[in-house]
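Next come the chains, spelled out residue by residue.
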Amino acid sequence: MNKKITFDTFENFLHSHSTDKIIPGLERISKLLSRLGNPQNSFRSVHIVGTNGKGSTGSFLASVFKEAGYRTGFYSSPHLESPGERLLIDGEVLSADEWLCAAEIAAEKILPDEDLPSYFEFLTACAFLLARSHNIDVGIIEAGLGGKLDATNTMSNTACSVIASVSIDHTEYLGNSLESIAGEKFAVVRENTPACFSGVDESLVDMFNNICSERSALPFVVSNSSRAENVTVSPEGNSFDLFSPNLEIRNVRTGLIGKYQISNAMLALSAISLVKDEFTKINDDSIRRGMQKAKWPGRLEVVSHNPLIVLDGGHNYDGVLKLCMSIKDLWPDKRIGVVYAAMKDKNYSGCIELMNRILKPSLYLTTVPDMARAARPDELLRASEKFSWCNLCAFNEPLSAVKKSLNDKNDLTLICGSLYMIGYVKPLLYNFLK
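My aim in this report is to walk through the structure given alongside it, one point at a time. Each chain has its residues counted from 1, following the order in which its sequence is written. Given that the model is predicted, a residue must reach a pLDDT of at least 70 before its local features are reported, and side-chain atom pairs must reach 80 or more before they are shown or counted; all residues, however, enter totals for whole chains, interfaces and linings. The basis for every side-chain value is the complete set of non-hydrogen atoms in the structure, without hydrogens or water.

Brief notes about the environment of Lys 66
Line of reasoning, step 1. Under the DSSP-based scheme used, a helix requires at least four consecutive residues in state H or I and a strand at least two consecutive residues in state E, with every element numbered from the N terminus. Tracing the chain through its elements places Lys 66 in helix α3 (residues 54–67).
Line of reasoning, step 2. Considered as a pair, Lys 66 and Thr 367 are 301 residues apart in the sequence and their alpha carbons are 37 Å apart.
Line of reasoning, step 3. Sequence-distant contacts of Lys 66, defined by excluding residues within four places in its chain, comprise Thr 72, Asp 90 and Gly 91. Residue contacts are defined here by distance: any two heavy atoms, one from each residue, within 4.5 Å place the two residues in contact.

Put into structure tokens, the structure is as follows:
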């Protein structure tokens, strides 16, 4: 009997043919993709970059294209529980067998005397191979890091470039200023191709327009050109009417909750408005269905109503700010327990200060077991002790922190700070809550 192929098998193969070092550059991945016949150009793509909001925006777009009848691939990162989550074909995860087959094909094209690709580069090459083999009509492709040197920036069959919010993150690779980070992301704008920018940070709008002008691209700034009216936000979802030059649509509903998801939805709809003349099967009905059906795990995800437990992978200052404001909007006057973990390279001190100031919760600090990048609970504790909390304690195991929050009778337990921690604790919660 053949041994069953699992995603652990696939992951082990990936790691044996790649390096964990993040070394920005397109030379390795470009050569590898060329030897594979450039699968990234076998389909029309919508390329999404940005600091926060990429995944939610992508999930909206992928859902709308699927509902319109297009065979759709959605590539995103990182994964929560399994690397198979990174590429969805019409919303479905492919088997570990298919992923391993693609990885073996890609590995054969790595020459013995050249540097190994990074983990993300190798995974991206596999995803492009799988997208081609499944004959997708459109790929919703999210960048992993930055834009200019990201492995996804090898595509040349792009229908639209989409830039979500830009904020300070990954400064060791993208630069220390907002302008330098934005420059890395705006670099994905293609010649003579629509480009859509959220425009949340007004100081970057001129820079975006100038880059579009240099490349004869067609710029669209959502904050300047679109508006949402009749907005409602609740724990059950959002609704709004959109008024935009190329698209007016009423009663748009989203299952993704939080006020910030209105901005992500508007960005997705603006991108759709720029390409709907090409993708003519998209209409108001498919837009409404797609927006309502879109899912994005680990982002303000309610995994239990009784007790009330919410997961969110927001890991940088801007993401945690949006998270805190959303929790206050959606569940006002609740006694909150926050289970928090963070990576060492993140601004966890600033995020802890935000949670203290906005939520005033009990704080249960933890880590991601067996992950060297994760900050230790005692490191987080030192950053937290300067503030006053309803309760403050630290745990080496995330589930122990969750149990403590529940035993303390908090009305809402918020598990946040790292997508890696969300991915670790989520399957444990399934069993614990049975």
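There is more to say, and it comes next.
Observations concerning the packing of aromatic side chains
Line of reasoning, step 1. Each aromatic pair joins two rings of Phe, Tyr and Trp (for Trp, the six-membered one) with centres within 6.5 Å, and gets the label stacked for planes under 30 degrees apart, edge-to-face for over 60, and tilted for any other angle. Summed over all chains, the structure comprises twelve aromatic pairs.
Line of reasoning, step 2. On the basis of an interplanar angle of 80° and a centroid distance of 6.3 Å, the ring pair of Phe 7 and Phe 10 is categorised as edge-to-face. Remark: Phe 10 and Phe 7 occur in helix α1 (residues 7–16); sequence separation between them is three residues, near one turn of the helix.
Line of reasoning, step 3. Burial classes follow relative accessibility: with a 1.4 Å probe on protein chains only, a residue under 20% of its type's maximum area counts as buried, one over 50% as exposed, and anything between as partly exposed. On the basis of relative accessibility, which here comes to 19%, the residue Phe 7 falls in the buried class.
Line of reasoning, step 4. Among the residues examined, Phe 10 registers a relative accessible area of 0% and is labelled buried.
Line of reasoning, step 5. Between Phe 43 and Phe 128, the aromatic rings sit 6.3 Å apart at their centres with planes inclined by 45°, giving tilted as the arrangement. Of this pair, Phe 43 sits in the loop between α2 (27–35) and β1 (44–49) while Phe 128 sits in helix α5 (residues 119–133); the two residues are 85 residues apart in sequence, bridging distant segments of the chain. Each of the two residues, Phe 43 as well as Phe 128, counts as buried.

Some words on the sheet that holds strand β11 (residues 247–254)
Line of reasoning, step 1. Two strands qualify as a pair provided that DSSP identifies no fewer than 2 bridges between them. Spatially, three strands are ordered β9-β10-β11 in an open sheet, and the strand pairing comes out antiparallel. The open sheet has two edge strands with one neighbour each: β9 (227–234) and β11. Mean inter-strand twist for the sheet, computed between neighbouring axes without regard to direction, equals 5°.
Line of reasoning, step 2. Taken together, the six bridges between strand β10 (residues 237–244) and β11 define a ladder with antiparallel strand orientation. Of the residues in β11, the one forming a bridge with Leu 242 is Ile 249. The axes used here are C-alpha line fits, helices contributing only the stretch in contact, and every angle between their N-to-C directions lies in the interval 0 to 180 degrees.

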